[in-house]
Amino acid sequence: MDPVARPEELRLLEALLFASAEPIDQATLAKRMPDGVDVKAALAQLQAEYAPRGVNLVRVANKWTFRTAGDLSWLMTRESTETRKLSRAAIEVLAIVAYHQPVTRAEIEEIRGVVTSKGTIDVLLETGWIRPRGRRKTPGRPLTFGTTDAFLSQFSLEALGDLPGLEELKGTGLLDSRLPTGFSVPSPSDDATLREDEEPLEPGDTLELLLAPAVEPEAKEPKTEAEKAEAEATAEVETTAETEVEADVASDADAAEPDAGEPEDRADHAGDEADTEDKGE
């Protein structure tokens, strides 16, 4: 195409897309373009121009960006970063979230049939492929999880609807041809709007808080033999002291009470005085 006759809006779109570090949606591009420009048509024309080139204009998660042509990906192998593979449990959890979102941890465990480790969900949260959507309107208000645009970008999906269905999974051999009666694969949805059974996240529900390790109570250190002996000796001393105090109190109480034999002695003296008076008479 003659550079002189090339529409100006194509040059503007190129500049915006190349300068952006992240994919841009059509609405954001339209705001920066001159009035009257058909952004959708201009993007389609620009995409056609770059189709045979080493860099292609692609749409990922309803956003536009330039990517290296797929058949030239081998050129990037020396610069690619070696990443750790996800565990089988993490892949299963990611697939469940993708197809069943919004889904809670308890629902994930029910589908898998095993308890899901918190570390597995933490790994997926750290990668940015899943996110907390809201809280289920049930007792305990558990978090609901869904996928992100980073998930779509990682697996080169334009939308969740591009995920393979039941027949496609059977054709690739990922599912056994002899499936239980009534088995089905749900149709995933891109709708980020909260469902009727979901509540918005609270201000404190940040990713850092969700990933923070649980604070465990400190265990009491066992006492040494010397500490145990000292504690027992102290207990014996306190017991002896209490016994002595009780004994002193009892002695004081006895001294304060009148002698039980005192009335009898007085009676004897009274009798002697009476005899003396009789003799005197």
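The residue numbers shown here count from 1 along each chain, following its written sequence. For this predicted model, a pLDDT threshold of at least 70 governs which residues receive local features, and a threshold of 80 or more governs which side-chain atom pairs are given and counted, while totals over whole chains, interfaces and linings are taken from all residues. Water and hydrogen atoms play no part in the side-chain values, which are based on all heavy atoms of the structure.

Novice: A description of unusual backbone geometry should follow, citing residues and the corresponding values.
Specialist: Following Gln101, the chain continues to Pro102 via a peptide bond in cis, the omega torsion being -5°. Numbering of helices and strands runs from the N terminus, with a helix taken as a DSSP run of H or I at least four residues long and a strand as a DSSP run of E at least two residues long. Mapped onto the fold, Pro102 is located in the loop between helix 4 (88-100) and strand 4 (103-104). Backbone geometry places Asn62, a non-glycine residue, at a positive phi of 65°. With respect to the helices and strands, the residue Asn62 is situated in the loop between strand 2 (55-60) and strand 3 (63-68). Even without glycine at this site, Ser156 takes up a positive phi of about 55°. With respect to the secondary-structure elements, Ser156 resides in the loop between helix 7 (149-154) and helix 8 (166-171). On the accessibility criterion, Ser156 (57% relative accessible area) is exposed. Exposed residues in this analysis have more than 50% of their type's maximum accessible area, buried residues have under 20%, and partly exposed residues fall in between, with area computed by a 1.4 Å probe over protein chains only.

Novice: Which residues make up the packing of helix 1 (residues 8-19) against helix 3 (residues 39-50), and what values go with them?
Specialist: Lines fitted to C-alpha atoms define the axes here, with helix axes fitted over just the stretch in contact, and angles between the N-to-C directions of these axes take values from 0 to 180 degrees. One way to put it is that helix 1 packs onto helix 3 with a least axis distance of 10 Å and a crossing angle of 75°. Overall, the two elements helix 1 and helix 3 adopt an arrangement that is roughly perpendicular. Together, Glu9, Leu10, Leu13, Glu14, Leu17 and Phe18 of helix 1 and Ala42, Leu43, Gln45, Leu46, Glu49 and Tyr50 of helix 3 make up the contact between the two elements. Basically, the charged four are Asp, Glu, Lys and Arg, the nonpolar ten are Ala, Val, Leu, Ile, Met, Phe, Trp, Tyr, Cys and Pro, and anything else, Gly included, counts as polar. Of the residues assigned to the contact of helix 1 with helix 3, the class counts are 8 nonpolar, 1 polar and 3 charged. Oblique is the label for every angle not falling under 35 degrees (roughly parallel), over 145 degrees (roughly antiparallel), or within 65 to 115 degrees (roughly perpendicular). Note on definitions: a residue-residue contact is assigned when non-hydrogen atoms from the two residues lie within 4.5 Å.

Novice: I'd like a description of the sheet that holds strand 3, backed by residues and values.
Specialist: Within a sheet, neighbouring strands are paired by backbone hydrogen bonds and run either parallel or antiparallel to one another. Pairing is antiparallel across the open sheet formed by 3 strands, whose spatial order is 1-3-2. Edge positions in the sheet fall to strand 1 (24-25) and strand 2, since each of these pairs with one other strand and no more. Strands strand 1, strand 2 and strand 3 of the sheet are contacted by helix 1, whose axis makes an angle of about 75° with strand 3. On the sheet, helix 3 packs against strand 2 and strand 3 and is oriented at approximately 140° with respect to strand 2. At least two DSSP bridges between two strands are required for those strands to pair.

Novice: Mind laying out the pairing of strand 6 (residues 143-147), listing which residues take part and the relevant values?
Specialist: Within strand 6, 5 of the 5 residues are buried, which leaves the element mostly enclosed by the surrounding structure. Looking at chain direction, strand 4 and strand 6 are connected through 2 bridges and run antiparallel. When the sheet's bridge partners are listed, Thr104 is paired in strand 6 with Thr144. The pairing of strand 5 (residues 130-136) with strand 6 spans 5 bridges and is antiparallel. When the sheet's bridge partners are listed, Arg135 is paired in strand 6 with Leu143.

Novice: Provide a residue-level description of the packing of helix 4 against helix 5 (residues 105-112), including the pertinent values.
Specialist: Close contact between helix 4 and helix 5 brings their axes to 10 Å; oriented N to C, the two are set at 110°. Taken as axis vectors, helix 4 and helix 5 run roughly perpendicular relative to one another. Viewed along their axes, helix 4 and helix 5 form a crossing whose handedness is right-handed. For the pair helix 4 and helix 5, contact is made by Ala89, Glu92, Val93, Ile96, Val97 and His100 and by Ile108, Ile111 and Arg112, respectively. Across the contact of helix 4 with helix 5, the residue classes tally to 6 nonpolar, 1 polar and 2 charged. A crossing counts as left-handed when the near helix is turned anticlockwise from the far one by less than a right angle, and as right-handed when that turn is clockwise.

Novice: So what about the packing of aromatic side chains? Which residues, and what values?
Specialist: Planes of paired rings set the category: under 30 degrees apart is stacked, over 60 is edge-to-face and the rest tilted, where pairs are Phe, Tyr or Trp rings (Trp by its six-membered ring) whose centres lie within 6.5 Å. Summed over all chains, the structure comprises 5 aromatic pairs. Where Phe18 meets Phe66, the ring centres are 4.3 Å apart and the plane angle is 15°; that geometry is what we call stacked. In this pair, Phe18 is assigned in helix 1 and Phe66 in strand 3, connecting sequence segments 48 residues apart. Given a relative accessible area of 12%, Phe66 falls into the buried group. A ring pair is formed by Trp129 and Phe155, whose centres lie 5.5 Å apart and whose planes are at 65°; its orientation type is edge-to-face. A residue pair is termed long-range when its members are at least 10 positions apart, and Trp129 in the loop between helix 6 (118-127) and strand 5 and Phe155 in the loop between helix 7 and helix 8 qualify at 26 residues. Of the aromatic side chains, those joined through ring pairs into one cluster are Phe18, Tyr50 and Phe66. For a ring to carry a charge above it, either NZ of a lysine or CZ of an arginine must fall within 6 Å of the ring centroid while also lying within 35 degrees of the normal to the ring plane. Between the NZ or CZ atom of Arg53 and the centre of the ring of Tyr50, over which it lies, the distance is 4.5 Å.

Novice: Summarise the pairing of strand 3; cite the residues concerned and give the values.
Specialist: As judged from the 2 bridges shared by strand 1 and strand 3, these two strands associate in the antiparallel manner. Residue Ile24 lies in a different strand from strand 3, and its bridge partner there is Trp64. Bridge analysis of strand 2 against strand 3 gives 6 bridges, and the strand direction is antiparallel. Pairing of Leu57 across the sheet is with Phe66, part of strand 3.

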